[in-house]
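# Notes for the structure review
One-letter residues, chain by chain:
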Amino acid sequence: MRIFFFLYLLVLPSLLFSQGETPKKSLDMNSQYSSITDTVKKKKDLVAKIEQYQIVTLEHDTTIVDTSLTLKSAYRQNYLRRDNFGLLPFSNIGQPYNTLQYSLTDFSPYPDIGFEGKHINFMDASEINYYHVATPFTELFFNTSIGKGQNADSFITLNTSKNLNFFAAYRGLRSEGKYINQLTSIGNFRIGTSYNTTNKRYVLYAHYAYQDILNEENGGITTAEDFESGDPNFTNRQRLEVYLTDAESFLKGRRFFFDHTFRVNPKEASNNLYVTHQFNFENKFFEYKQPTVLSTVGSTLVQRFGDSYLASNIKDQTHFEKLYNKVGLTYENVLLGKFNFFIDDYRSNYSYDRIIIKNDGTTISDNLFREINSFGAQYEYQKNKWNGRFLFSRSITKESISDLDAKLRYNLNEKIQFDFRYKNISKLPNNNYNLYQSSYIEYNWSNDFKNEKINLLSARIYTPWLNAEASYTVLTDHLYFADGATDQQIEDRVQIVKPFQYGGTINYLSLKANKEFKFGKFGLDNTLLYQKTTQRDEPAEGPKQILNVPDFVTRNTFYYSTYFFDKALFIQTGITFSYFTEYYGNDYNPVVGEFFVQNNKKIGNYPVFDFFLNGKIRQTRIYLKAEHFNATFGESNYYSAPNNPYRDFTIRFGLVWNFFQ
């Protein structure tokens, strides 16, 4: 009644005094009540619904903005802004992530610069979303870091008209870490637009991105015994000796991208013909700097990465540029679906500023230029309960690549969904496998590896009772990095990481299940992963087992949810338990920015307990987390990679704040 009375007083003067007229002496109260009611209805109609705030992927899949506070949104409250189950972070934010679940690996037939350990937080063109919003929409993300610093992601998007949208975002991180020489400083800037004509005859998606990733590299701790001893003198992690005290790596990249479609026939009909074009220009730069070449272990000087051309001030630089164009013709039929036929042109140049001639006469080239042309077809079908996308492409130039990717989805009803996928790909190696130059003598190579062949078959099911997925992958001519140091070099703590190719076959099986139980205001969310790898025989050199993953990975969260203050505040609190079985986890090498296979030291078999308290007030979600609190009283045997300890106990605060203007 108070709201209605306020609206009545607000609207009444405008009803009594129309433009150029004097007040009427007598009023029809029924007509006045009707006018006020109509005005209120119009105002309600102007309020935008959450369904009008849409997120569109490059493949035109559409979702809506999610402002809810759930366990799944809490799992995304991290630097990557996504659920990182299956990934093992290093002790500081913004460092590389070790892989616990190999099925998370994505494959592209085209070669990239490499340095994959640095790319976990580098946003590819396919990861950039586009938007359509009823009113300007803003999201502010903040999270405290490890030591001094902060982690923030600011985003805004608006539609200047129904057909034109702009967005801009910047994600910045600076985190000091707890160990010597571990600072991270990272920025991801992206700006973009999407446009379509009223009749959808022309559709455009475009963005520009600039990203830079700076990591101080300490190469891990030198004396694991001090870390594992539990000696209180080493609870201050700055007292633990590390291999590198002034080294750092730097990756940066710029990208101009657009994807647009034009319908040939003026009006949309049951049969339509489209012309499509995608453009992607990107350059990347990787630099490894190490002013002090020799490492100090106790009172001994160590050549950690072997002999060097330089006595000091190592500065290895790698440049990479690529230009990709894809032109296609699409026929769309209401009954049959979409048929797209395309050709593409891929050109890249991976380069250094010198040619190296080794003592044995071997020449290390200064660049690796690739020019690949392919043809292909894609079919999309969506009708009733079925949704499928089938892609095939093959190169027609000297360097052979191929890609077959079939996806099929069946929606039994609103709550039950089945996904199937088959992928058969022959991909070129990333460039740093075939060519690399460094001031370290043993880190210079020129190779001509075969294509990797990957066969992947996977299935997923989503139901109210259980979510499950299974995947089976066969890898042939698998490429990997490994330590090629001799026994004497290993004894002297020398690490010589090189690329290798396994000519046999590796089989990988992954089974994953998720089930959430609810008991009133209590809940128990469980995720379990089982993995198994086999290979035909042992390689001639390097580690005997190549693809190493833990047999079991689990995450279990027990939580309590409730409302306070007449449902103005929603609270969710609980404990998360994480665990993976012991295995030979990959090690990390900062010179090449890659994880490498090792069969010397196992990691894992340690529990991690996190306590969390999350709250939501209107469109603001607040997160408080005590990470790995059992580290304060448990054994110090937790590692993310050999010589790289996992995160200690730390308390972190974060929030996500949404504005609908």
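All values reported here derive from a predicted model rather than from experimental measurement. (Residues numbered from 1 in each chain as written. Predicted model: local features only at pLDDT ≥ 70, side-chain atom pairs only at ≥ 80, totals over all residues. Heavy atoms only, no water.)

## So, the overall build of the protein chain
A tally of regular secondary structure across the protein chain gives six helices and 37 strands. Its C-alpha atoms give the protein chain a radius of gyration of 29 Å, within 12% of the compact-globule value 26 Å for 661 residues. Dimensions along the principal axes, computed over C-alpha positions, put the protein chain at roughly 105 × 65 × 50 Å. The buried share among the 661 residues of the protein chain stands at 47%. When contacts within the protein chain are restricted to residue pairs at least 6 apart in sequence, those whose partners lie at least 24 apart make up 65%. Just so you have it, the protein chain exposes about 32800 Å², and 56% of that area is on carbon and sulfur atoms. The averaged location of the 70 negative side-chain charges in the protein chain is 10 Å from the averaged location of its 72 positive side-chain charges. (Helix = DSSP H or I, 4+ residues; strand = E, 2+ residues; numbered from the N terminus. Rg over C-alpha atoms; globule rule 2.2 N^0.38 Å. Buried < 20%, exposed > 50% of the residue type's maximum accessible area, 1.4 Å probe, protein only. Contact = heavy atoms within 4.5 Å. Areas by Shrake-Rupley, 256 points an atom, 1.4 Å probe, with all protein chains shown as cover. Lys, Arg positive; Asp, Glu negative; His and termini not counted. Charge placed at Lys NZ, Arg CZ, Asp CG, Glu CD.)

## As for the sheet that holds strand E1 (residues 54–56)
Within the open sheet, the three strands sit side by side as E2-E1-E5. Their pairing is antiparallel. Both outer strands of the open sheet, strand E2 (62–64) and strand E5 (130–132), are each paired with one neighbouring strand and no more. Put simply, the sheet's adjacent strands are angled 30° from each other on average, direction ignored. In this sheet, E2 lies alongside E1 in antiparallel orientation, the contact comprising three bridges. (Pairing = 2+ DSSP bridges. Axes fitted to C-alpha atoms, helices over the stretch in contact; angles between N-to-C directions.)

## Points about the nonpolar core
Judged by nonpolar contacts, the single largest core of 50 residues is most densely connected at Tyr288, Tyr350, Tyr436, Tyr440 and Tyr443. Of all the elements in the fold, those that place two or more residues in this core are strand E11 (247–263), strand E12 (271–292), strand E15 (312–333), strand E16 (337–351), strand E23 (435–436) and strand E26 (467–483). Here this core gets three residues from one element, more than from any other, and that element is E15. Other than its neighbours up to four places away in sequence, Tyr440 contacts Tyr288, Gln290, Val293, Phe305, Gly306, Asp307, Ser308, Ile314 and Val591. (Core = buried A, V, L, I, M, F, W, Y, C linked by side-chain atoms within 4.5 Å.)

## Structural notes on the side chain of Arg652
Here Arg652 is to be found in strand E37 (residues 650–660). The contacts of Arg652, once residues within four sequence positions are left out, are Ile93, Asn143, Thr144, Ile146, Tyr623, Leu624, Lys625, Glu627 and Arg647.

## A look at the confidence of the model for the protein chain
Note: predicted coordinates in regions of low pLDDT should not be interpreted at a detailed level. Chain-level pLDDT for the protein chain is 91 on average; 93% of the residues reach the 70-or-more range. Here residues 1–34 scores under 50 on pLDDT; set against residues more than four positions off or in separate chains, the count is 15 contacts. Throughout residues 39–44 the model reports pLDDT below 50, and contacts reaching past four residues in sequence, or to other chains, amount to three contacts. (pLDDT = per-residue confidence, 0-100.)

## Here we look at the environment of Arg618
Locating Arg618 in the fold gives a position in the loop between strand E33 (608–617) and strand E34 (620–627). For the pair Arg618 and Phe570, spaced 48 residues apart in sequence, the C-alpha separation works out to 9.1 Å.

## Considerations on the packing of aromatic side chains
In the structure shown here, the tally under the stated rule is 50 aromatic pairs. A network of ring pairs unites the aromatic residues Tyr53, Tyr130, Tyr131, Phe137, Phe155, Phe167, Tyr205 and Phe660 as a single cluster. In this structure, Arg304 is placed above the aromatic ring of Tyr243, and the distance from its NZ or CZ to the ring centre is 3.8 Å. Over the ring of Tyr639 we find Lys601, and its NZ or CZ is 3.9 Å from the ring centre. (Phe/Tyr/Trp six-rings, centres within 6.5 Å; stacked < 30°, edge-to-face > 60°. Lys NZ or Arg CZ within 6 Å of the ring centre and 35° of its normal.)

## Quick notes on the side chain of Asn143
Inspection of the secondary structure assignment puts Asn143 in strand E6 (residues 137–144). With a relative accessible area of 4%, Asn143 lands in the buried category. Residues in contact with Asn143, not counting those within four places in the same chain, are Gln77, Asn78, Gln150, Asn151, Arg652, Phe653 and Gly654.

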